[in-house]
Amino acid sequence: MGKKEQREEKEKNKKSKGPKRASSFEIALSAISCAVAAGFLALGVLSGVLLATGYFIGVIALMLPLAKRFYRGDFLAYCGTVILALILGAVAKFWDIVPFIMFFGLHPLINSLQLRFRWNRIVAFILKAIWFDCTLIAGYFLIYNGFLGGDFLPQAWADWINKYIYVLIFTAGTVLFFIYDWLIFKVQMLVDMVIGKIKRQ
């Protein structure tokens, strides 16, 4: 076999191995994402005081596949995260994980798809804000049993908050989402940079 034929054979082998390598990388990255997200989510739910931390780290972990635009891998990692977190003990406090299932675990994926398909930013924000606010309402009933305040606030304040809970959610909740959504976009950019450096090594 001549040099030309050898070069052609090598190029052919590289092309045939490319998709397999990409698939393996997607599986590995998604598996790591799932394991980290599930572990911290379960820890947060079981500890109670670390619930917000577990949510946030879980969300960041699910950004890993998105750094390489592995949308299918990210969705499967999300599904695996929920299942594993429940197996690891979160099932005992299932209602605490509902907001993650409804919104937080899927939000990074939707943001990534928004950029990928160049959805209208205003329309996307409105729809995501409504989605977020509805999740807050679900959490209000499922986690707090329809009464927010309790021992943490004076009775008069708690009564006022619960009386106007829907107004507060669709106003203050939307403002909070604007900040959160911006933060998630920025964190995804940092994750993209880190994962990009790992691949170049």
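To keep things clear, this report deals only with the structure shown in the data block.

A closer look at the packing of helix α4 (residues 94-104) against helix α6 (residues 121-142)
Where α4 contacts α6, the axes come no closer than 9 Å and their chain directions differ by 170 degrees. Regarding the angle of α4 to α6, the classification is roughly antiparallel. Of the residues in α6, those touching α4 at Trp95, Val98, Pro99, Met102, Phe103 and Phe104 are Lys128, Trp131, Phe132, Cys134, Thr135, Ala138, Gly139 and Leu142. Tallied by class, residues from the contact of α4 with α6 come to eleven nonpolar, two polar and one charged.

Things to note about a nonpolar patch on the surface
Taken together, the side chains of Ile32, Val36, Phe40, Leu43, Val49 and Leu50 present a nonpolar region at the surface, about 530 Å² in accessible area. Relative to the helices and strands, Phe40 resides in helix α1 (residues 3-47).

Remarks on unusual backbone geometry
Its identity as a non-glycine residue notwithstanding, Arg69 has a phi of 60 degrees, on the positive side. By secondary structure assignment, the location of Arg69 is in the loop between α2 (51-61) and α3 (71-87). Of the residues examined, Arg69 reaches a relative accessible area of 43% and is grouped as partly exposed. A positive phi angle is found at Arg118, which is not glycine, with a value near 55 degrees. Its place among the elements puts Arg118 in the loop between α5 (107-117) and α6.

Notes on the packing of aromatic side chains
Overall, the coordinates contain 17 aromatic pairs when judged by the stated rule. Relative to Phe104, the ring of Phe103 lies with its centre 5.1 Å away and its plane at 90 degrees, an arrangement referred to as edge-to-face. Side by side, Phe103 and Phe104 carry an identical accessibility label, which is buried. Ring-pair connections join several aromatic residues into one group, and the members of that group are Tyr55, Phe100, Phe103, Phe104, Phe125, Trp131, Phe132, Phe177, Phe178 and Tyr180. Directly above the ring of Phe117 sits Arg116, whose terminal nitrogen or CZ lies 5.1 Å from the centroid.

Some thoughts on the packing of α5 against α6
Two numbers describe how α5 lies on α6: the axes approach to 11 Å, and their chain directions differ by 170 degrees. The pairing of α5 with α6 is recorded here as roughly antiparallel in orientation. Facing α5, whose interface residues are His107, Ile110, Asn111 and Gln114, α6 presents Arg121, Ala124, Lys128 and Trp131. Of the residues belonging to the contact of α5 with α6, the class tally is three nonpolar, three polar and two charged.

Overview of the pattern of salt bridges
Going through the model one piece at a time under the given rule, you end up with three salt bridges. Close ionic contact of Glu26 with Arg72 constitutes a salt bridge, the shortest N to O distance being 3.8 Å. In this pair, Glu26 is assigned in helix α1 and Arg72 in helix α3, connecting sequence segments 46 residues apart. Judged by relative accessible area, which is 12%, Glu26 ranks as buried. Salt-bridge contacts for Lys128 lead to Asp181; the nearest nitrogen and oxygen are separated by 3.1 Å. Of this pair, Lys128 sits in helix α6 while Asp181 sits in helix α8 (residues 165-200), and the two are 53 residues apart along the sequence. Neither residue differs from the other here; Lys128 and Asp181 are each classed as buried.

Quick word on α5
Those residues of α5 lying buried are His107, Pro108, Leu109, Asn111, Ser112, Leu113 and Gln114. Immediately downstream of α5, the backbone of Arg118 shows phi near 55 degrees, a positive value.

Here's the deal with α6
Under the 1.5 Å per step criterion, the end-to-end length of α6 is 31 Å for 22 residues, consistent within 8% with the ideal 32 Å. Among the residues making up α6, those that are buried are Ala124, Lys128, Ala129, Phe132, Asp133, Thr135, Ile137, Ala138, Gly139 and Tyr140.

Some remarks on the side chain of Asn111
Looking at the element boundaries, Asn111 is found in helix α5. A distance of 2.6 Å separates polar atoms of two side chains, one belonging to Asn111 and the other to Lys128. Those residues within four positions of Asn111 in sequence are excluded, and the remaining contacts are Lys128, Asp181, Ile184 and Phe185.

So, how was this worked out
- Residues numbered from 1 in each chain as written.
- Predicted model: local features only at pLDDT ≥ 70, side-chain atom pairs only at ≥ 80, totals over all residues.
- Heavy atoms only, no water.
- Axes fitted to C-alpha atoms, helices over the stretch in contact; angles between N-to-C directions.
- Helix = DSSP H or I, 4+ residues; strand = E, 2+ residues; numbered from the N terminus.
- Parallel < 35°, antiparallel > 145°, perpendicular 65-115°, else oblique.
- Contact = heavy atoms within 4.5 Å.
- Nonpolar A, V, L, I, M, F, W, Y, C, P; charged D, E, K, R; others polar.
- Patch = residues over 30% accessible without salt bridge, like charges linked within 9 Å, V, L, I, M, F, W, Y side chains within 5 Å.
- Areas by Shrake-Rupley, 256 points an atom, 1.4 Å probe, with all protein chains shown as cover.
- Salt bridge = Lys/Arg side-chain N within 4 Å of Asp/Glu carboxyl O.
- Buried < 20%, exposed > 50% of the residue type's maximum accessible area, 1.4 Å probe, protein only.
- Phe/Tyr/Trp six-rings, centres within 6.5 Å; stacked < 30°, edge-to-face > 60°.
- Lys NZ or Arg CZ within 6 Å of the ring centre and 35° of its normal.
- Expected span 1.5 Å × (residues − 1).
- Polar contact = N/O pair within 3.5 Å; in protein donor to acceptor, adjacent residues only side chain to side chain.

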